[in-house]
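# Examination of the molecular architecture
Residue strings, one per chain:
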Amino acid sequence: MEDHLQDWANRPQRYWYVDGLVEIGAGAVILILGLFFAISGLIKDDGFRGAFTTIGQIIIVIGLPILARVIVARLKERITYPRTGYIAYRRQGLGQRIRAILLTIGVAAAIGVVVYLIENWMNLRWLPVVIGLSAGLLILIIAFRVGLPRYYLLAGYTLAIGVITGLLSLAEPYNSGVFFSGLGVGWLVSGAVTLVRYLRSTTPADQSLDAGRPG
Amino acid sequence: MSSDLRSFTEVDRLLHEPARLMIVTLLAVVAEADFLFLLNQTGLTKGNLSAHLSKLEAAGYVEINKSYRGKIPITLLSLTPTGMDAFNTYRKQLRGIIARISD
């Protein structure tokens, strides 16, 4: 019985991923990051390249995810809610929000330390392997906690792209360019396939449905 | 009456019905959901879901708000604090019963 309750309680969380839009949004941001790295490699290595890379990374890493989240929410209003229903997630309490902020800062600091260690003691070519492994583990945890079979595949894909990029031994920033572009394309494809399957298996609900509702 | 049997009778009968328990569990983890979402997730018929929701509303467990999104009518459902308390109590009782059976 407790298992049933847990499965039912997980459904709203799983519902966030039902249409593939989250993967499409995340994939687009990651792909743009990859293309940005690749393009930055084409620019002459002078002061401009440094400024271009720094400003671009800030915009892409901070600004684009916010924009993607807004777009995904709008698309859900147009595509998902009329077909399979609307839900509003609970807002996190202050304690939970502080914990989330601290966790984000901790993860960012850990990534910084790992990048520093790899840069100084190993070769930067192994950076995608480390990122692939870390991101793969994170996706694996989401897959297990929420119960999303396709996320197991995405976790494997993320790790595989990291290893393949590491083995290619490209120079930076092409190394990062290939890794993030490959990752982004994989996520976009996964999201697109999920969206097509979702659209084929659902239709916008009849508005007269409301007649059967209580109240 | 044995204590095991008594603990079963103390369980909230309104929530012990599987369909209503599913509805309340789904609403317990969200701020609000619409009728269509519950219809899809529970697999109940419109009439059946409507009847269960009316019972939960009458008990003060669920709040039902009708509004419009643009021109489309929408029925939003949320669990009341009373409903949340009843659900948490039910889960505790259930765990207690299962633990006693396992011992």
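This text follows the structure it describes.
The following refers to the structure shown.

### A short note on the overall build of chain B
- If you tally the helices and strands in chain B, you get 6 helices and 3 strands.
- Buried positions account for 29% of the 103 residues belonging to chain B.
- Across chain B, the fraction of contacts at a sequence separation of at least 24, relative to all contacts at a separation of at least 6, is 56%.

### A word on the sheet that holds strand β1 (residues 30–34) of chain B
- Spatially, the 4 strands line up as an open sheet ordered β1(A)-β1(B)-β3(B)-β2(B), and their pairing is antiparallel. The open sheet has two edge strands with one neighbour each: β1 (87–89) of chain A together with β2 (62–69) of chain B. Across the sheet, the mean angle from the axis of one strand to that of its neighbour is 20°, orientation sign disregarded.
- Direction of pairing for β1 of chain A relative to β1 of chain B: antiparallel, over a ladder of 3 bridges. By the bridge assignment for β1 of chain B, Y89 of chain A is matched with V30 of chain B.
- Helix α5 (residues 46–58) of chain B rests against β2 and β3 (72–79) of chain B of the sheet, and its axis sits at about 120° to β2 of chain B.

### A closer look at the interface of chain B and chain A
- The interface of chain B with chain A comprises 28 residues on the first partner and 22 residues on the second.
- For the side of chain B that touches chain A, the secondary structure elements donating two or more residues are α3 (18–28), β1, α4 (35–42), α5, β2, β3 and α6 (81–102) of chain B.
- Residue contributions to the side of chain B that touches chain A peak at 6 residues, all from α5 of chain B.
- For the side of chain B that touches chain A, a count of residues per class yields 15 nonpolar, 7 polar and 6 charged.

### Remarks on the nonpolar core
- By size, the foremost hydrophobic cluster in this structure holds 26 residues, and its most contacted members are I23, V24, L27, A33, L38, V62 and L77 of chain B.
- Sorting the residues of this core by element identifies α3, β1, α4, α5, β3 and α6 of chain B as the ones contributing at least two each.
- At 6 residues, the largest contribution of residues to this core is made by α3 of chain B.
- With near-sequence residues (within four places) excluded, L77 of chain B lies in contact with L27, E32, A33, F35, L38, L53, V62 and I64 of chain B.
- Among the nonpolar cores identified, the runner-up in size contains 17 residues, and F36, I139, L148 and L159 of chain A belong to it.

Scoring rules and cut-offs
- Residues numbered from 1 in each chain as written.
- Chains lettered and ligands numbered in written order.
- Predicted model: local features only at pLDDT ≥ 70, side-chain atom pairs only at ≥ 80, totals over all residues.
- Helix = DSSP H or I, 4+ residues; strand = E, 2+ residues; numbered from the N terminus.
- Buried ≥ 20, exposed ≤ 12 C-beta atoms within 10 Å, placed from the backbone.
- Contact = placed C-beta atoms within 7 Å.
- Pairing = 2+ DSSP bridges.
- Axes fitted to C-alpha atoms, helices over the stretch in contact; angles between N-to-C directions.
- Nonpolar A, V, L, I, M, F, W, Y, C, P; charged D, E, K, R; others polar.
- Core = buried A, V, L, I, M, F, W, Y, C linked by C-beta atoms within 7 Å.

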